[in-house]
Amino acid sequence: MRRRNSDFRRPVRRRFSDVFWLTVCGLAILLLIILLSRETRGSSSRLVYPKRSYRHDRITDGLNITEEMLRPESVARQINDQISLAKAILVIAKESNNLQFAWELSAQIRNSQMLLSNAASRRNPLTNGESESAIRDMALLLYQAQQVHYDSATMFMRLKAKIQSLEEQTNSFSEKSSKYGQIAAEEVPKSLYCLGVRLTAEWFRSSNMQKKLEEEKQAAAKLVDTGLYHFCVFSDNILATSVVVNSTAMNSKNPDLVVFHLVTDEVNYAAMKAWFTMNGFRGVTVDVQKIEDFSWLNASYVPVLKQLQDSETQNYYFSGNHENSRTPIKFRNPKYLSMLNHLRFYIPEVFPALKKLVFLDDDVVVQKDLSALFSTDLNGNVNGAVETCMETFHRYHKYLNYSHPLIRQHFDPDACGWAFGMNVFDLVEWRKRNVTGIYHYWQEKNVDRTLWKLGTLPPGLLTFYGLTEALNPSWHVLGFGYTNVDSKLIENGAVLHFNGNSKPWLKIGIEKYKPLWDKYVDYGHPLLQQCNFH
C-alpha cells in the first residue's frame, strides 16, 4: 500500500513542473511578439510619413500649385478648371470660324492665368474679392458657348461629319487621280505623234529608203533561219520599239545573229519602216509587217474580233455604261481591245517557219545578252516565263473569277501567276498541243465577261496552264512603271519591264527609272530634235 502511494505522488509533482515551465515559455514568446510588433509599427510609421511628405512636395512643385488649391473650397482650382474647359471650347470656336468669340475667350483665359500666376508667385491664396470678377466673366463665356452648342456631344457629331466628308473627298480625289492617270497613260505625246508624221512623209518622199528596202529583201533568208535568235515585238509605238531593238543589240554578244520581227498597224507601218531603214542597230536584222496583211485574222477565226462586233460589248468598253453602272476606267483602255495586244496568241500563225522565239513587250529595256534563252530547256512546255507569285495577289485567284464553276473545277486558285513581257515560246510544242485552240475555247466561254474582266494575262494564265516552265527571276524584272524596285534586282536583271501606267516616254514616268530607258535613245537624232524629244 505505501509503495503504491509513493508511486502515485511522484507523477503529480512532474506534471506540475511541466505546466509551470510551459506557461513561462508562452509568456516569454508573447512578450517578444508584442515588442517586435511595436518596433515594426514604429519603423513603418517612420518610413511612410517621410515618403508621403516627399511625394506630396514633388507633385506640388511639378504642377506649380499651392496648398490652397488642394483644399475643397479652393478658388484657384475653380479658376483652373474654367481655364481647361475654356481651352477646349476655344478649339471648337476656331473650327466653327467664330473668331470674335474665340478672341474674347482667349483674352479671358489670359486674364485668369494672370491671376493664378500672381497668386503662385506671392505664395498667398486668391481672395474671393480679386477672383470673383474673373470667375463670373469666364462663367458667362462658358454659358454663351453652351448656348451656341459648343458642348462635347455636338462637337463629336461635327467631327464625325467632317471625317465622313474628308473620306468622301479622299475617295473622289483617288478616283480622279486614277482616271487622269489612266488618260495620261493612254494619250499619245505630241512628240511621238510628230515623229510618226515626219517619218511617214520621209518614207514616201525618199527614194533611197526604197532602195535600202530592196537590199534588205535579199537578206530575207535570215527571217526563217531557225539557227538564229528570233525576237518579236507587236507595237504601234515607234520610239519604244526602237529602244527594245537598240538595247538588245547593244547588249548582244553576236548582234549579227539577232533577228527582230516587228508587227504594227497600217497607220504606223510606213513610219516604222522608215525608222528602221534609216537607222542601223549593230547589224541586227529588223523586219516590219502590218497586222492588216494577215488575211486569216478575221472575225470568223478570232473570237475577240467577233465579240467586238457585239453591241453589248461595244457599249461596255466604249460608252462606259453597263447595266446601270459605270464601267471602270481601266477597262476602257484601248490596248486591251487592240489586236496587236492579242496577236501574242497567234505567234505560230504569224511566223510559221520558226521553231523557237522570244516575245518582248514594247515597254521593256534589255540590259543583258539574251542568247542563253534559246538554249533553255522548257521540259516539254510551251511557255517559258518568270513567275510572279512571291506575293499572294499574283496568284490565279487574283485574276480569275473563282465563283464560276468552270474556273473552280479546272484551276488551282493558289497556282502561281507569271508575267507577259519576256517569254520564250517553243512553237513546235505550241502547234502540237494546239495552244491557240485552247485560247479560243476560253475566249468563247468568256463572251459575257464572267470568267475575267479584261486584258491578255487572264486568258494567258488559262491557255498556258500546265504548259509554263518557270525561268530564273533575273531574266525578267517587273514594276518599273508603278513601284519601287530593289537595286540588286535592277543590277542583275536581264530585261527590265516598265509595266504600269508610268511609262518612261511619258511625263508621268518615274523619274529615277527613266535613265535606264533614256540611255538607249539617241536624243541627238535630227528627227527627235525636230519633234522636241528631250
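In this text, all values refer to a predicted model and were calculated from it rather than measured experimentally.

(A) Structural detail: the overall build of the protein. Secondary structure assignment for the protein yields 21 helices and twelve strands. For the protein, with 534 residues in total, the buried portion stands at 43%. Counted over contacts in the protein with a minimum sequence separation of 6, partners at least 24 positions apart contribute 73%. Accessible area for the protein stands at about 30,900 Å²; split by element, carbon and sulfur atoms hold 54% of it.

(B) The side chain of His394, seen in detail. Its place among the elements puts His394 in the loop between strand E8 (383–385) and helix H14 (396–399). Reaching out from His394, the side chain makes a polar contact with the backbone oxygen of Thr388 at a distance of 2.8 Å. Not counting residues up to four positions away in its chain, the partners in contact with His394 are Thr388, Cys389, Tyr399, Cys416 and Gly417.

(C) Highlighting the pattern of salt bridges. Counted under the stated rule, the structure contains seven salt bridges. Glu429 serves as the salt-bridge partner of Arg433, at 3.2 Å between the closest nitrogen and oxygen. One end of the pair, Arg433, and the other, Glu429, are both in helix H16 (residues 427–433), four residues apart, so they sit about a helical turn from each other. Judged by relative accessible area, which is 14%, Glu429 ranks as buried. As a salt-bridge pair, Lys514 and Glu511 come within 3.5 Å of each other at their nearest N and O atoms. Owing to a relative accessible area of 13%, Lys514 belongs among the buried residues under this scheme.

(D) Representation of a nonpolar patch on the surface in the model. Taken together, the side chains of Val188, Tyr193 and Val197 make up a nonpolar region of the molecular surface, amounting to roughly 330 Å² of accessible area. Summarising the element assignment, Tyr193 is placed in helix H6 (residues 190–205). According to the relative accessible area criterion, Tyr193 is exposed, its value standing at 59%.

(E) Fine view of helix H2 (residues 75–95). With 21 residues, H2 should reach 30 Å at 1.5 Å per residue; the first-to-last C-alpha distance of 31 Å fits that figure. Residues of H2 that are buried: Val75, Ala76, Ile79, Gln82, Ile83, Ala86, Ile89, Leu90, Ile92 and Ala93. Taken from the residues just after H2, Asn97 is the one with a positive phi, measuring 65 degrees.

(F) Looking closely at the state of the cysteines. On inspection of all chains with the given rule, the structure shows two disulfides. Between the sulfur atoms of Cys194 and its disulfide mate Cys531 the distance is 2.1 Å. What sets the handedness of the Cys194 and Cys531 disulfide is the S-S torsion sign, and at about -70 degrees it is left-handed. With Cys194 in helix H6 and Cys531 in the segment after helix H21 (526–530), the pair connects residues that are 337 residues apart, well separated along the chain. Summarising the burial analysis for this pair, Cys194 and Cys531 share the class buried.

(G) Region of the structure containing the packing of aromatic side chains. On inspection of all chains with the given rule, the structure shows 28 aromatic pairs. Taking 5.4 Å as the distance between ring centres and 75 degrees as the angle between the ring planes, the aromatic pair formed by Trp430 and Phe464 counts as edge-to-face. In this pair, Trp430 is assigned in helix H16 and Phe464 in the loop between helix H18 (457–463) and strand E10 (468–470), connecting sequence segments 34 residues apart. Both residues of the pair, Trp430 and Phe464, belong to the buried class. Their ring planes at 45 degrees and their centres at 5.5 Å tell us that Phe480 and Phe498 sit as a pair that is tilted. Note that Phe480 is positioned in the loop between strand E11 (476–477) and helix H19 (487–492) and Phe498 in the loop between strand E12 (495–497) and helix H20 (514–518), a separation of 18 residues in sequence. The buried category is assigned to Phe480, whose relative accessible area is 0%.

About the criteria used
Residues numbered from 1 in each chain as written. Predicted model: local features only at pLDDT ≥ 70, side-chain atom pairs only at ≥ 80, totals over all residues. Heavy atoms only, no water. Helix = DSSP H or I, 4+ residues; strand = E, 2+ residues; numbered from the N terminus. Buried < 20%, exposed > 50% of the residue type's maximum accessible area, 1.4 Å probe, protein only. Contact = heavy atoms within 4.5 Å. Areas by Shrake-Rupley, 256 points an atom, 1.4 Å probe, with all protein chains shown as cover. Polar contact = N/O pair within 3.5 Å; in protein donor to acceptor, adjacent residues only side chain to side chain. Salt bridge = Lys/Arg side-chain N within 4 Å of Asp/Glu carboxyl O. Patch = residues over 30% accessible without salt bridge, like charges linked within 9 Å, V, L, I, M, F, W, Y side chains within 5 Å. Expected span 1.5 Å × (residues − 1). Disulfide = S-S within 2.5 Å. Phe/Tyr/Trp six-rings, centres within 6.5 Å; stacked < 30°, edge-to-face > 60°.

All we've got here are geometric facts, nothing functional implied.
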